[in-house]
Amino acid sequence: MSRASGSFRLSIVVPCFNEQEVLATTHARLTAAGRPIPGADLEIVYVDDGSKDRTLELLRNIAATDRAVRVIALSRNFGHQKALSAGLQSATGDAVVLIDADLQDPPEVITEFVARWRAGVDVAYGVRKRREGESRFKLLTAHAYYRMMGRVSDHDIPFDAGDFRLLDRAVIDALLTMPERDRFMRGMIAWVGFRQEAVPYDRAARVAGETKYPLRKMIRFALDGIFSFSATPLRLATYLGFFASGLAVIGVLYAFFLRLTTSAVVPGWATLLIAVLFLGGVQLVSLGIIGEYIARIYGEVKERPLYVVREKIGFDEPR
Ligand code: UDP
Ligand code: MG
């Protein structure tokens, strides 16, 4: 294949968790957007992330009627980021697009991704200019989170970018050599390097169905991002330690000063209690932070596979 012109294999990876309401629409839109791209030999890889509704059944039907479709069914719900990894592992494209099943990210943007890729960009990532149909709470927390990540992370993870992006084969091969279990894909892709470029777009509301990221999962995901890509929280404990010791020294000097210059005595037990509680709190939080890292080390050393595949559909058909 030639990247600047000519034909190439384009894979689209779609993680699906209980997406029965949108799948038919999604497949139609993806096909309509992907097929006309000049030179693209299209492959769509749906990953069923242990859905409890009719998602897998619908995917089976889609695969039976469309030879471009492949389906990987995971043995249970492993989570969005692992589903993406499963899709990347099986995608055969020279360029691979990651997109959500709910059509919040318009498939039409893929044309622009491919144009950038043709021009030599290795990672074309979507950056959200506007977001429709999200709660104020989600917008606000997302905004704050991206900025905070920018400060604490050791790598430049782009602001307001999700997982909607195109990856060159070289980037995918690099990603596949990374064995970590806490997979914060956008961070891992930033770590890999290569030529990366932002493509601004407007994010739509979900076409149908509910978000599959309840607050609990969102918090977990946010913490994954921080703890997998930054050691700053560990340093925080050190800084707090210095700060508390500094306060103590000032307190001692102040008490001496009062004792020598006046007859006043530093008043009593409330100060003491506050100091003890403050230090106790700081120590517990620091322990918690260390625990968070240890839990992740524990998860890594077990070296379990990232996910388990129950079934693969459409992989052995000749193309
Ligand atoms: N998803 C998944 N496994 C999960 C949760 C979500 O594969 O455990 C998929 C989901 O089907 C969708 C994508 O990840 O294609 C993004 O999820 P969602 O749209 O619910 O997240 P939001 O856009 O609300 O952040
Ligand atoms: Mg969504």
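A brief look at the structure comes next. (Residues numbered from 1 in each chain as written. Chains lettered and ligands numbered in written order. Predicted model: local features only at pLDDT ≥ 70, side-chain atom pairs only at ≥ 80, totals over all residues. Heavy atoms only, no water.)

1. Some details on the packing of helix H5 (residues 136–152) against helix H8 (residues 215–229)
Two elements in contact, H5 and H8, have axes separated by 10 Å at closest approach and are oriented at 15°. By the angle class used here, H5 and H8 are roughly parallel. Viewed along their axes, H5 and H8 form a crossing whose handedness is right-handed. Contacts from Phe137, Lys138, Thr141, Tyr145, Met148, Met149 and Val152 of H5 reach H8 at Leu215, Met218, Phe221, Ala222, Gly225 and Ile226. Classifying every residue of the contact of H5 with H8 by side-chain character gives 10 nonpolar, two polar and one charged. (Axes fitted to C-alpha atoms, helices over the stretch in contact; angles between N-to-C directions. Helix = DSSP H or I, 4+ residues; strand = E, 2+ residues; numbered from the N terminus. Parallel < 35°, antiparallel > 145°, perpendicular 65-115°, else oblique. Left-handed = near helix turned anticlockwise from the far one by under 90°. Contact = heavy atoms within 4.5 Å. Nonpolar A, V, L, I, M, F, W, Y, C, P; charged D, E, K, R; others polar.)

2. Things to note about the nonpolar core
Nonpolar side chains in soluble globular proteins generally cluster together in the buried interior. By size, the foremost hydrophobic cluster in this structure holds 38 residues, and its most contacted members are Val47, Leu74, Leu88, Met149, Leu167, Leu175 and Phe184. At five residues, helix H7 (residues 185–192) tops the list of elements feeding residues into this core. Formed by 36 residues, the second largest nonpolar core is a distinct cluster that contains Leu56, Ala63, Val71 and Ala124. (Core = buried A, V, L, I, M, F, W, Y, C linked by side-chain atoms within 4.5 Å. Buried < 20%, exposed > 50% of the residue type's maximum accessible area, 1.4 Å probe, protein only.)

3. Side note on the pattern of salt bridges
All told, the structure shown has 21 salt bridges when counted by the stated rule. Of the charged contacts in the structure, one is a salt bridge between Arg203 and Asp105, with a shortest N-O distance of 2.8 Å. You can see Arg203 sitting in strand E7 (residues 196–203) and its partner Asp105 sitting in the loop between strand E4 (95–98) and helix H4 (109–118), a full 98 residues away along the chain. According to the relative accessible area criterion, Arg203 is buried, its value standing at 4%. The shortest N-O distance in the salt bridge between Arg186 and Asp163 comes to 3.2 Å. Pair noted here: Arg186 is in helix H7 and Asp163 is in strand E6 (residues 161–168), with a separation of 23 residues, a long-range link. (Salt bridge = Lys/Arg side-chain N within 4 Å of Asp/Glu carboxyl O.)

4. Quick notes on the side chain of His27
Tracing the backbone shows His27 in helix H1 (residues 23–34). By relative accessible area, His27 is classed as buried at 11%. Other than its neighbours up to four places away in sequence, His27 contacts Ile44, Tyr46, Ile62, Asp66 and Val69.

5. A few points about the side chain of Arg116
Among the structural elements, Arg116 can be located in helix H4. Polar side-chain contacts of Arg116 include one of 3.1 Å to the backbone oxygen of Ala198. Leave out the neighbours within four places in its chain, and Arg116 touches Val121, Ala124, Glu197, Ala198 and Val199. (Polar contact = N/O pair within 3.5 Å; in protein donor to acceptor, adjacent residues only side chain to side chain.)

6. A word on the site of ligand 1
Ligand 1 sits among 19 residues. The nearest are Glu19, Asp49, Asp102, Thr211 and Lys212. Between Phe17 and ligand 1, the recorded distance is 2.9 Å, taken from a backbone N or O atom to an oxygen atom. Between ligand 1 and Gln104, the relevant distance is 2.6 Å, taken from an oxygen atom to a side-chain nitrogen or oxygen of the residue. If ligand 1 stood free it would expose 530 Å²; the protein chains cover 96% of that surface. Considering only residue class, the shell around ligand 1 consists of five nonpolar, five polar and nine charged. (Near = heavy atom within 4 Å. Areas by Shrake-Rupley, 256 points an atom, 1.4 Å probe, with all protein chains shown as cover.)

7. Here's the deal with H1
End to end, H1 covers 16 Å across 12 residues, agreeing with the expected 16 Å (1.5 Å per residue, within 8%). Inspection of H1 places Leu23, Thr26, His27, Leu30, Thr31, Ala33 and Gly34 among the buried residues, and these make up the whole buried set. Each buried residue of H1 lies within a common arc of 165° when the element is viewed along its axis, so the set occupies one face. Among the exposed residues of H1, those pointing more than 90 degrees away from its buried face are Ala24 and Ala32. (Expected span 1.5 Å × (residues − 1). Arc of directions from axis to C-beta.)

8. Here we look at the packing of aromatic side chains
For the coordinates displayed, the defined rule picks out five aromatic pairs. Ring geometry for Phe164 and Tyr201: centres 5.3 Å apart, planes at 75°, overall edge-to-face. Placement of the pair is Phe164 in strand E6 and Tyr201 in strand E7, with a sequence separation of 37 residues. In this structure, Phe164 and Tyr201 share a single accessibility class: buried. Taken together, a centroid distance of 5.1 Å and an interplanar angle of 90° make the contact between Phe227 and Tyr293 edge-to-face. In this pair, Phe227 is assigned in helix H8 and Tyr293 in helix H10 (residues 269–301), connecting sequence segments 66 residues apart. Overall, the relative accessible area of 13% leaves Tyr293 in the buried class. Connected via pairs of aromatic rings, a cluster forms that spans Phe113, Phe164 and Tyr201. Sitting above the plane of the Phe315 ring, Arg70 keeps its charged end 5.7 Å from the centroid. Across from the ring centre of Phe78, 3.9 Å away, lies the NZ or CZ of Arg76, which sits over that ring. (Phe/Tyr/Trp six-rings, centres within 6.5 Å; stacked < 30°, edge-to-face > 60°. Lys NZ or Arg CZ within 6 Å of the ring centre and 35° of its normal.)

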